[in-house]
Amino acid sequence: MIKLIASDMDGTLLNNQMQVPTANVAAIQKAQAQGIEFIAATGRGMSHARISLDESDIRVPMILLNGAHVVNADRETIFTIPIGKQRTLDVMDTLEEAGLYYEIFTAEQVYSANQPMRIDFVAEHLLSKIPGISKKRAIAASSQHLSLTPITFVDDIRQTLIASDEDVLKIIAFDKKGPAQLKGIAGELEKIGDLAIAASESTNIEINHVNAQKGIALKQFAEERGFTASQVMALGDNFNDVSMLTYAGTSFAMGNAAAAVKKIANNITDTNEQNGVATAIARILSE
């Protein structure tokens, strides 16, 4: 019997408008009413993740930043896994030499040194996800999204990190050329050592400490509650979900998941636009 459900957010729990569909909310509540715990597992940081969940009145534990930050339902930190100060500087050097735009995540902040680039990449994301949306509307929506998403724009990220002495938990880098450019950069980053490098979209790479992965965090969270992998269900759509899909005894890839991710999961559900999380939960509740 399933005791714990872990779900990715973007492309999984959320629809393409970055909202949790009412069908998914109802399914989560039904599972909780039957004593099944639910945890969101996302590459987002706290300030970004809580927006969509709070709008739907979903208050659950969260695996954040791909497993680098885990909080309970009251948003209190359980643990963090930093990249490390020197390793962070080495990653930044590599990304800057390649001319990639990147953002830095700590437990409390998201730092960027280029606001126009941030707006442009969010607009490109919306263009790829929402059929028929114009470039102008996508840029407008991106600008509005920026006002809702806490992000701190600074002139010099290095100096900001030195001054604040904050631990960096995740770095995300973007390139419109996608895998053609990012595959080579990932190879360079791997030479630094002790890094987990994955992707949540074809145009990004997400960089964490090697021990900061969704699957590792989910395993620890489950074991602290006395659950085995066979009692855990996980849902996801992209490569930063692979570690938890591999760990969970029951795994669902979304209908919109990358083909390679579908091969890893032992079940396929509907797309995120078709309430695939609700479909999967209904299936396991009926067994």
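The structure displayed is predicted, hence computed values, not measured ones.

Visitor: Looking at this model, I keep getting lost on the packing of aromatic side chains. Mind explaining?
Guide: Given two aromatic rings, one states the distance between the centres and the angle between the planes to describe the pair. The tally for this structure, following the rule as stated, stands at 1 aromatic pair. Over the aromatic face of Phe105 sits the side chain of Lys170, whose NZ or CZ is 4.6 Å from the ring centroid. Taking NZ or CZ as reference, Arg225 lies 3.5 Å from the ring centre of Phe221, over its face.

Visitor: Could you clarify how one ought to interpret the sheet that holds strand 5 (residues 77–80) in this entry?
Guide: Think of a sheet as strands paired side by side through backbone hydrogen bonds, with each pair either parallel or antiparallel. Pairing is mixed in the open sheet, where 8 strands are placed in the order 5-4-3-2-1-12-13-14. Edge strands, defined here as strands with exactly one partner in the open sheet, are strand 5 and strand 14 (267–268). One ladder, built from 4 bridges, connects strand 12 (residues 232–236) with strand 13 (residues 250–253); its direction is parallel. Counterpart to Gly236 in the pairing with strand 13 is Ala253.

Visitor: It is not clear to me how the pattern of salt bridges should be interpreted in this structure. Could you clarify?
Guide: Close approach of charged atoms allows side chains of opposite charge to pair. Counted by the stated rule, this structure contains 15 salt bridges. Arg225 is the salt-bridge partner of Glu37, the closest N and O atoms lying 3.2 Å from each other. Here Arg225 lies in the loop between helix 9 (214–224) and strand 12 and Glu37 lies in strand 2 (residues 37–41), a separation of 188 residues in the sequence. Note on Arg225: relative accessible area 32%, which makes it partly exposed. Linking Arg50 and Asp54 is a salt bridge whose minimum nitrogen-to-oxygen distance equals 3.7 Å. Placement of both Arg50 and Asp54 in helix 3 (residues 46–55) is noted, with a separation of 4 residues, approximately one turn of the helix. Its relative accessible area of 38% is what places Asp54 among the partly exposed residues. Each of Asp8, Lys214 and Asp241 takes part in salt bridges that share partners, so that together they form one network.

Visitor: Just to check I follow, could you spell out the sheet that holds strand 6 (residues 101–105) for this structure?
Guide: Pairing is mixed across the open sheet formed by 6 strands, whose spatial order is 8-7-6-9-11-10. Each end of this open sheet is capped by a strand with a single partner; those strands are strand 8 (152–153) and strand 10 (195–198). The sheet contact formed by strand 10 and strand 11 (residues 204–209) spans 4 bridges and is antiparallel. Bridging across to strand 11, Ala196 finds its partner in Asn208. Contacts from helix 7 (residues 157–164) reach strand 6 and strand 7 (110–112), with the element oriented near 145 degrees to strand 7.

Visitor: Please clarify how the packing of helix 2 (residues 22–33) against helix 12 (residues 276–285) should be interpreted in this entry.
Guide: For any two helices packed against each other, one specifies the crossing angle of their axes together with the interaxial distance. The N-to-C vectors of helix 2 and helix 12 enclose an angle of 30 degrees; their axes lie 8 Å apart at closest approach. With respect to helix 12, the axis of helix 2 lies roughly parallel. By crossing handedness, the relation of helix 2 to helix 12 is classed as left-handed. Facing Ala23, Asn24, Ala27, Ile28, Lys30 and Ala31 of helix 2, the residues of helix 12 in contact are Val277, Ala278, Ile281 and Leu285.

Visitor: Just to check I follow, could you spell out the packing of helix 4 (residues 85–97) against helix 8 (residues 179–190) for this structure?
Guide: At a minimum axis separation of 10 Å, helix 4 and helix 8 run at an interaxial angle of 150 degrees. The angle between helix 4 and helix 8 places the two elements in the roughly antiparallel class. Judged by the sense of rotation from one axis to the other, the crossing of helix 4 with helix 8 is right-handed. In this structure, helix 4 contributes Val91, Thr94 and Leu95 to the contact, and helix 8 contributes Ile185, Glu188 and Leu189. Broken down by class, the residue content of the contact of helix 4 with helix 8 amounts to 4 nonpolar, 1 polar and 1 charged.

Visitor: What is the right way to look at helix 8 in this model?
Guide: The α-helix winds at 3.6 residues per turn, so residues separated by three or four positions along the chain end up facing the same way. Taking 1.5 Å as the rise per residue, helix 8 with 12 residues should run 16 Å; its terminal C-alpha atoms sit 15 Å apart, in good agreement. All buried positions along helix 8 are accounted for by Leu182, Ile185, Ala186 and Leu189. Angular distribution of buried residues about the axis of helix 8 spans 105 degrees; they occupy a single face of the element. Turned more than 90 degrees away from the buried face of helix 8, the exposed residues are Ala180 and Lys183. In this structure, the buried residues of helix 8 make contact with helix 4, strand 10 and strand 11.

Cut-offs used in this document
What you see as residue numbers is a count from 1 along each chain, following the sequence as written. Two thresholds apply to this predicted model, a pLDDT of at least 70 for residue-level local features and 80 or more for giving and counting side-chain atom pairs, whereas whole-chain, interface and lining totals are computed over all residues. Working from all heavy atoms in the structure, the side-chain values ignore hydrogens and water. The aromatic pairing rule takes the rings of Phe, Tyr and Trp, using the six-membered ring of Trp, and pairs them if the centres are within 6.5 Å, calling planes under 30 degrees apart stacked, those over 60 edge-to-face and the rest tilted. A ring is considered to have a charge above it if a Lys NZ or an Arg CZ atom is located within 6 Å of its centre and within 35 degrees of its normal. In short, DSSP must find at least two bridges between two strands for them to pair. Strands here are runs of E lasting at least two residues and helices are runs of H or I lasting at least four, both read from the DSSP assignment and numbered beginning at the N terminus. For this document, the term salt bridge refers to a Lys or Arg side-chain nitrogen within 4 Å of an Asp or Glu carboxyl oxygen. Accessibility here uses a 1.4 Å probe with only protein chains present; expressed as a share of the type maximum, an area under 20% marks a residue as buried, one over 50% as exposed, and anything in between as partly exposed. The criterion used for residue contact is that any of the two residues' heavy atoms lie within 4.5 Å. Structural elements are reduced to axes, namely lines fitted to C-alpha atoms, with helices fitted over the stretch in contact, and the angle between N-to-C directions of any two is expressed from 0 to 180 degrees. Here is the rule for angles: anything less than 35 degrees is roughly parallel, anything more than 145 is roughly antiparallel, 65 through 115 is roughly perpendicular, and the remaining ranges are oblique. Here is the rule for handedness: rotate from the far helix to the near one, and if that takes an anticlockwise turn smaller than a right angle the crossing is left-handed, while a clockwise turn gives right-handed. Three classes are used: nonpolar for Ala, Val, Leu, Ile, Met, Phe, Trp, Tyr, Cys and Pro, charged for Asp, Glu, Lys and Arg, and polar for all others, with Gly counted as polar. The length a helix should cover is 1.5 Å for every residue beyond the first. Note that the arc is defined by the directions from the helix axis to the C-beta atoms.

Everything listed here is a matter of coordinates, which is why it stays silent on function.
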